Structures are given as C-alpha cells and as structure tokens.
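A closer look at the structure
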Amino acid sequence: MPWPRRNPPTTAVAGNPIARTAQQIESESFAPQARTWGPEVFDHIEWRRFEALCEALYGQAGVRTESQSHGADGGVDIWLYLQHASKPMIVQCKHWSRKVAVDDVRAFFGVLKSHDLERGIFATSATFTSEASAFASAHGISAQNREGLLNLIATRTPAQQVLLLETAYQGEYWRPTCASCGIKMVVREPKSGGPLFWGCTNFAKLRCRSRIQLRAAER
C-alpha cells in the first residue's frame, strides 16, 4: 500500500513578501515520506520524531520505556526499564547533522553518574568522532550512530519496521517542535531584521523565546 503524502499548510499573506518567504521555507523543509527504511528518513524528520522513533525502537525489544515530550529533562530523553535489572538505563537522543564530539559524550557520562548508573545509550542521527566513540566504549555507553540505528531497525520484523516508519512520519514530522512548550514552531523574522528562524508560536502568549536556526538547505 502506498504511503500517504501529507502536504504542508499554505498560509501565505497576499502582498507580504516576508510571509511568502517564510511559507516558501516551510514548504521546502517538507520532504515526502520514504516507503522503506534508509538514512534519508533521519534527514526528513525533526528532533521530537527522532526521540519518539528511538523510544519505539527500544520498546520493541520488550523494554518498558518512559519519556517526556518537552521541558527540562536533566539530560535524559528516555528511561529504559529492563526486566530483572536492578537499575534502569538512560538514553540521550541527538538529532544532529554534526558529529557528536567527545565533550558531548563526556557530559552524558556526567548525567549517568548523577543518577548512579553505569550504562547508557547515546543515540544520534549523525556520527561520532573517533574520540567520542572511544570514550563511550570505555565508560559503559553504547554509541548508536545512524548506521547503527539502521542496523538495529533491520533486525526487527517487517511489521515492526512499518510501525517504526509510521512513528517517524507521524504528524508534521518535518516541522520542528519547541523543546519548552512541546508545540510545532513556525518560521519567523526578527523584529530588528536579520535571518529568518524557527520560533515558538507561544512567543506572544507565554513569551517563549525558544528558537532553532534554519538549516543551510532551508535558508
């Protein structure tokens, strides 16, 4: 069965070049859904869908999972509760295009120690530097890059892989989520001028100043 295509909303304001530019950027950030698993899926989705995907992936292994959609998480994106294990594992997810550096993994190790835990997973849509991989291996951290995640997905049954793909492409999968409010962001222009950015729609109501820089392909 063909995967359904979702089209981005069209809300351009006639005669307003800034609004048309913002709409064009939002439209260009949309990517049609892939029919099968491949590295392009990670490029299509935003950070919150990546976290949801990781949680579903680990949950398919029979592990009880806990997460939160937004707000301060103390460096823990997913809690994994394994049967017969005295302590849980924690997962940190980074939907990045840049490589994960050793300082990033070292910071996650600090989170592990703060919870008195010895094992954790650092999952990224990108890759790790050699120093980061070495540090992770030496400190009980499973470093899962995009290739590793795709290999893990490949071990799932065809039905499970379909469910994971549906999880990745749920809703407005291309539009960034505000990490503070948990709602979808829109393209905005600074009042003082300058480059456009993804901003929270709660800026006027709650004065949420969360923003995400546009990727090079969206500028």
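Everything below is about the structure shown above.
Residues numbered from 1 in each chain as written. Predicted model: local features only at pLDDT ≥ 70, side-chain atom pairs only at ≥ 80, totals over all residues. Heavy atoms only, no water.

**Some remarks on the sheet that holds strand E6 (residues 185-188)**
Within a sheet, neighbouring strands are paired by backbone hydrogen bonds and run either parallel or antiparallel to one another. Reading across the sheet, the three strands line up as E6-E7-E8 and stay open at both edges, with antiparallel pairing between neighbours. In the strand order of this sheet, the two ends are held by E6 and strand E8 (211-213), each with one partner. Geometrically, the sheet is characterised by an average inter-axis angle of 30° between neighbouring strands, direction not taken into account. Across four bridges, the pairing between E6 and strand E7 (residues 197-200) is antiparallel. Looking at the pairing, Val186 lines up with Gly199 of E7. (Pairing = 2+ DSSP bridges. Helix = DSSP H or I, 4+ residues; strand = E, 2+ residues; numbered from the N terminus. Axes fitted to C-alpha atoms, helices over the stretch in contact; angles between N-to-C directions.)

**Focus on the pattern of salt bridges**
In this structure the tally under the stated criterion is eight salt bridges. The partner of Arg64 in a salt bridge is Glu66, and the shortest N-O contact between them spans 2.9 Å. Among the residues examined, Glu66 registers a relative accessible area of 36% and is labelled partly exposed. Among the ionic pairs, Arg175 bridges to Glu172, the shortest N-O distance being 3.5 Å. On the basis of relative accessible area, Arg175 is assigned to the buried category, the value being 5%. (Salt bridge = Lys/Arg side-chain N within 4 Å of Asp/Glu carboxyl O. Buried < 20%, exposed > 50% of the residue type's maximum accessible area, 1.4 Å probe, protein only.)

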